[in-house]
Protein chains: 2
Amino acid sequence: MLTDTINRPPNKEACGASINAIKDALYALNGKWKLLIIVSLVDGPKRFKEIQRDLETITPKILSKELKELELNGFVERKVFNTTPVTVTYELTPYSSSLGNIMNELRLWGIQHRKHLVETSKAQYLASTT
Amino acid sequence: MLTDTINRPPNKEACGASINAIKDALYALNGKWKLLIIVSLVDGPKRFKEIQRDLETITPKILSKELKELELNGFVERKVFNTTPVTVTYELTPYSSSLGNIMNELRLWGIQHRKHLVETSKAQYLASTT
DNA sequence: CCGGATCCGCCTAGATACTG
DNA sequence: CAGTATCTAGGCGGATCCGG
């Protein structure tokens, strides 16, 4: 279960390097929505309203802002089609698939964490009780 | 590189389940500091000021608040020693080692992401330019 | 209905200073 | 050293509006 990142003898440089690397990662993925938007787009391009429905509680304003940041950072591509009415879709770039492992680990951990909290009667610490 | 979470045919239920699981994870690990504090404690118990030095830019108020939340969520244990002056240390609980895989993936991704940004001349999107 | 933009306002992260 | 007090700026969200 443990990786070589954890439970090894003290090592200041390696620890500092880890902190910097994780800082970089968290900086790019900041906020509570970016990763969730990416997950929503994993099974193909979606329209603005579809993403909003997937995430349920995000407001259009926040979604708009997050999508712009994701586009700037090269995770998402916005495509406009000249249909009538105009259609806009968002889809993942190839680079965003580099996040696959992180998402998978977060998903696995989230599942076991929910189980852990329920078993120890601490379900109040969950994101939602559904 | 890809896990089975990504690049598979559309599957609404699985996608929704992923979103909920990742929501749970992000909810427990919210903010930009919790994971970094845990990394800082990986190589053994540390005192308040030591953690602050590791993280460099965190203010004592935020560190105090984050440590309290980490304690409530069962990731960190606070220990007080009746020395003069009083000494306080924080250390990881066994449960926090369940985060090992997430940390490792974040660390690896952070490293490659920094490299990616430097190579594509987008270093302005990095957490710090050092 | 779709893809947003705008106004309003809370809450909290963060800076700075201070205390036992 | 281990935090707390005070103040401020900005992230984030609710509600509403608007052109197509």
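The text that follows walks through the structure, step by step, so that each part is easy to find. (Residues numbered from 1 in each chain as written. Chains lettered and ligands numbered in written order. Predicted model: local features only at pLDDT ≥ 70, side-chain atom pairs only at ≥ 80, totals over all residues. Heavy atoms only, no water.)

On to the interface of chain B and chain A, then. Tallying the contact residues gives 61 residues for chain B and 59 residues for chain A. Linking chain B to chain A there are two salt bridges. Across the side of chain B that touches chain A, the residue classes break down as 30 nonpolar, 18 polar and 13 charged. (Contact = heavy atoms within 4.5 Å. Salt bridge = Lys/Arg side-chain N within 4 Å of Asp/Glu carboxyl O. Nonpolar A, V, L, I, M, F, W, Y, C, P; charged D, E, K, R; others polar.)

To continue, consider the relation of the copies chain B and chain A. Between the two copies, chain B and chain A, the superposition gives an RMSD of 0.2 Å; the rotation angle is 180° and the shift along the axis is 0.0 Å. In short, the pair behaves as if placed about a two-fold rotation axis. Residue Ile102(B), judged by its C-alpha, is the member of chain B lying nearest the rotation axis, at 3.2 Å. Looking at the interface residues of chain B, 97% of them are also at the interface in chain A, so both copies use one shared face. (Least-squares fit on C-alpha atoms with pLDDT ≥ 70 in both.)

Before going further, it helps to examine the sheet that holds strand S3 (residues 87-92) of chain A. Residues and elements named next belong to chain A. Spatially, the three strands line up as an open sheet ordered S1-S3-S2, and their pairing is antiparallel. Single-partner strands in this sheet number two, and they are strand S1 (46-47) and strand S2 (76-81). Here six bridges tie S2 to S3, and the two strands are oriented antiparallel to one another. Bridge pairing links valine 80 to valine 88 in S3. (Pairing = 2+ DSSP bridges. Helix = DSSP H or I, 4+ residues; strand = E, 2+ residues; numbered from the N terminus.)

Now for the pattern of salt bridges. On inspection of all chains with the given rule, the structure shows 15 salt bridges over all chains. Lys34(A) is the salt-bridge partner of Glu69(A), the closest N and O atoms lying 2.7 Å from each other. With Glu69(A) in helix H4 (residues 60-72) and Lys34(A) in helix H2 (residues 34-40), this pair connects stretches of sequence that are 35 residues apart. Assessed through its relative accessible area of 25%, Glu69(A) is described here as partly exposed. By relative accessible area, which is 1% here, Lys34(A) ends up buried. Across the pair Asp24(B) and Arg114(A) runs a salt bridge whose closest N-O atoms are separated by 2.6 Å. (Buried < 20%, exposed > 50% of the residue type's maximum accessible area, 1.4 Å probe, protein only.)

As a further point, take the side chain of Thr89(B). Residues and elements named next belong to chain B. For threonine 89, the position within the fold is in strand S3 (residues 87-92). The exposure class of threonine 89 is buried, given its relative accessible area of 12%. Ignoring any residue separated from it by four or fewer positions in sequence, one finds threonine 89 in contact with Pro45, Lys46, Arg47, Glu77, Arg78, Lys79 and Phe81.

Time to look at the environment of Arg47(B). Residue and element names in this part refer to chain B. Positionally, arginine 47 belongs in strand S1 (residues 46-47). Its relative accessible area of 40% is what places arginine 47 among the partly exposed residues. C-alpha of arginine 47 to C-alpha of arginine 78: the two residues are 31 residues apart in sequence and 9.6 Å apart in space. In this view, arginine 47 contacts Val86, Thr87, Val88 and Thr89; residues no more than four positions away in its chain are not counted.

Thr84(A) connects to Pro85(A) through a cis peptide bond whose omega is 0°. Here Pro85(A) shows up in the loop between S2 and S3. Positive phi outside glycine occurs at Glu56(B), with the angle close to 65°.

All names here are of chain B. Direction vectors running N to C along helix H2 (residues 34-41) and helix H4 (residues 60-72) enclose 80°, while the axes themselves pass 10 Å from each other. Viewed along their axes, H2 and H4 adopt a mutual orientation that is roughly perpendicular. Taking contact as the criterion, the partners of Lys34, Ile37 and Ile38 in H2 are, on H4, Leu63, Glu66, Leu67, Glu69 and Leu70. Broken down by class, the residue content of the contact of H2 with H4 amounts to five nonpolar, no polar and three charged. (Axes fitted to C-alpha atoms, helices over the stretch in contact; angles between N-to-C directions. Parallel < 35°, antiparallel > 145°, perpendicular 65-115°, else oblique.)

This part is about the protein's contact with DNA strand C. Neighbouring DNA strand C are 17 residues, the closest being Arg78(A), Tyr90(A), Lys32(B), Lys61(B) and Lys65(B). Counted by atom, the contact set of DNA strand C within 4 Å of the protein is 74% sugar and phosphate. A distance of 3.2 Å is found between a phosphate oxygen of DNA strand C and a side-chain nitrogen or oxygen belonging to Lys68(A). For the surface near DNA strand C, the secondary-structure elements that each account for two or more residues are helix H3 (48-55), H4 and S3 of chain A together with H4 of chain B. Element by element, the count of residues in the surface near DNA strand C is highest for H4(A), at four residues. When the residues that make up the surface near DNA strand C are grouped by side-chain class, the tally is six nonpolar, three polar and eight charged. (Near = heavy atom within 4 Å. Polar contact = N/O pair within 3.5 Å; in protein donor to acceptor, adjacent residues only side chain to side chain.)

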